[in-house]
Amino acid sequence: MARSGSGVIRLPWPDSLLSWSMHAVPFPFSPIQLCSALFIVGAMLGTADVLCFVGVPETRGRANPNPPSLRELLGTPLRDRQFVRFLVYYSVFHIGSPGTSYYIWNNTSKHLGLSDFGVQIMLAVVPVLGELMFAPVWGRLINRVGRKTVMMVSMAYLVILPVCWLLVLPQYWWMGFVVSSLGNVCWNGSDQCNLHWLLHMASGEKGSSSYQAVFALAVAITGTMSGLLLGAMASLGSGIHWNVGPYHFNYLLLVFAVASAVRGIAYLFLLPRLHDDAHRQPVGQALRYVLVMVSEAIDTTVSLPLRLLGIPRKPDDPDQKD
């Protein structure tokens, strides 16, 4: 954003098939003009989002003559052993999660040398496209093999995700697209499982919206703890300056290592204690399903432009009709 005031903006551009570099592109808009345009677009999208609820019919419920007290609202879900296990697992994992966002952004802009626009493309645009492509894959997989199995598959990479950023060198900055895109794809699978699990417990015989309220409270508390913990690690690691081959490690080594360690504790010791429904299948079976579904998603993504251009699919495709 700051560089837009100089009249140019640096964008990644291919020099050859496997070689990319940063090129200066004319950008005539000032930062205030760019911000104004972004705010206007955001306001229009936000208004459209609210207007989508106009046509939703309102459900009228009867007022409870004896509304429960705050103690009863919090006590009901906390007496549910399965919910408490789920809450403890998610809370611990969440302590090592949101606090990493700033440090990942800082590492990408300073260590990898990308412009603000390039960082946006790497962390906010391309990864979301990956989510859109693979979101149906996770939904189908949950129905086939169960929530717990999908969580074990999708969250394995999330445990080591912070440390992966330490291995991205400036000369190979394009690896950041792989790290961030795969991370968003796995986060989407984890989020679908968490939401599915939460709604399942909240809609049972003893379930109520208090389950969601307690969950939201835990997310807020552990999110704050995440920022405080990783901020403290950044201060403690301020004196780290290590060179190991082509890699230079600084305070981010301690920040990302602690984040991965906290996630690993939740993944290895708390996730196995969750109880899933009876149709859960082994992780190996889930991985085979993932490979098949990923190949289908890639095939669909590649063949869609061909269909739009009127180019027929391969003759041996069973979907191709004479």
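For the structure, check the block above.
Residues numbered from 1 in each chain as written. Predicted model: local features only at pLDDT ≥ 70, side-chain atom pairs only at ≥ 80, totals over all residues. Heavy atoms only, no water.

**Comments concerning the overall build of the protein**
Now for step 1: Broken down by element type, the protein carries 10 helices and four strands.
Now for step 2: Secondary structure elements of the protein, listed N to C terminal, follow the sequence β-β-α-α-α-α-α-α-α-α-β-β-α-α.
Now for step 3: Across the 322 residues in the protein, those meeting the buried criterion constitute 35%.
Now for step 4: Considering only contacts in the protein between residues 6 or more positions apart, those separated by 24 or more positions represent 72%.
Now for step 5: With an accessible surface of roughly 19,600 Å², the protein has 67% of that area assigned to carbon and sulfur atoms. (Helix = DSSP H or I, 4+ residues; strand = E, 2+ residues; numbered from the N terminus. Buried < 20%, exposed > 50% of the residue type's maximum accessible area, 1.4 Å probe, protein only. Contact = heavy atoms within 4.5 Å. Areas by Shrake-Rupley, 256 points an atom, 1.4 Å probe, with all protein chains shown as cover.)

**Remarks on the packing of helix α7 (residues 175–202) against helix α8 (residues 209–236)**
Now for step 1: Interaxial distance between α7 and α8 falls to 8 Å at its minimum, and their mutual angle equals 140 degrees. The angle between the axes of α7 and α8 places the two elements in the oblique class. α7 and α8 meet at a crossing whose hand is right-handed. Contact residues: Leu-198, Leu-199, Met-201 and Ala-202 in α7; Tyr-211, Gln-212 and Phe-215 in α8.
Now for step 2: In terms of residue class, the contact of α7 with α8 is built from six nonpolar, one polar and no charged. (Axes fitted to C-alpha atoms, helices over the stretch in contact; angles between N-to-C directions. Parallel < 35°, antiparallel > 145°, perpendicular 65-115°, else oblique. Left-handed = near helix turned anticlockwise from the far one by under 90°. Nonpolar A, V, L, I, M, F, W, Y, C, P; charged D, E, K, R; others polar.)

**A look at a nonpolar patch on the surface**
Now for step 1: Side chains of Leu-70, Leu-73, Leu-74, Leu-78, Leu-217, Ile-221 and Met-225 sit close together on the surface and give an oily, nonpolar patch of about 630 Å² of accessible area.
Now for step 2: The greatest single-element share of the nonpolar patch, amounting to four residues, is contributed by helix α2 (residues 70–78).
Now for step 3: Summarising the element assignment, Ile-221 is placed in helix α8.
Now for step 4: Of the residues examined, Ile-221 reaches a relative accessible area of 46% and is grouped as partly exposed. (Patch = residues over 30% accessible without salt bridge, like charges linked within 9 Å, V, L, I, M, F, W, Y side chains within 5 Å. Salt bridge = Lys/Arg side-chain N within 4 Å of Asp/Glu carboxyl O.)

**Considerations on helix α4 (residues 100–111)**
Now for step 1: Here α4 contains 12 residues, and its C-alpha end-to-end distance of 15 Å stays within 8% of the 16 Å for a straight helix at 1.5 Å per residue.
Now for step 2: Every buried residue of α4 is accounted for by Thr-100, Tyr-103, Ile-104, Asn-106, Asn-107 and Thr-108.
Now for step 3: On its buried face, α4 sits against α5 (116–145), α8 and α9 (251–270).
Now for step 4: Within two residues after α4, Gly-113 carries a phi angle of roughly 75 degrees, on the positive side. (Expected span 1.5 Å × (residues − 1).)

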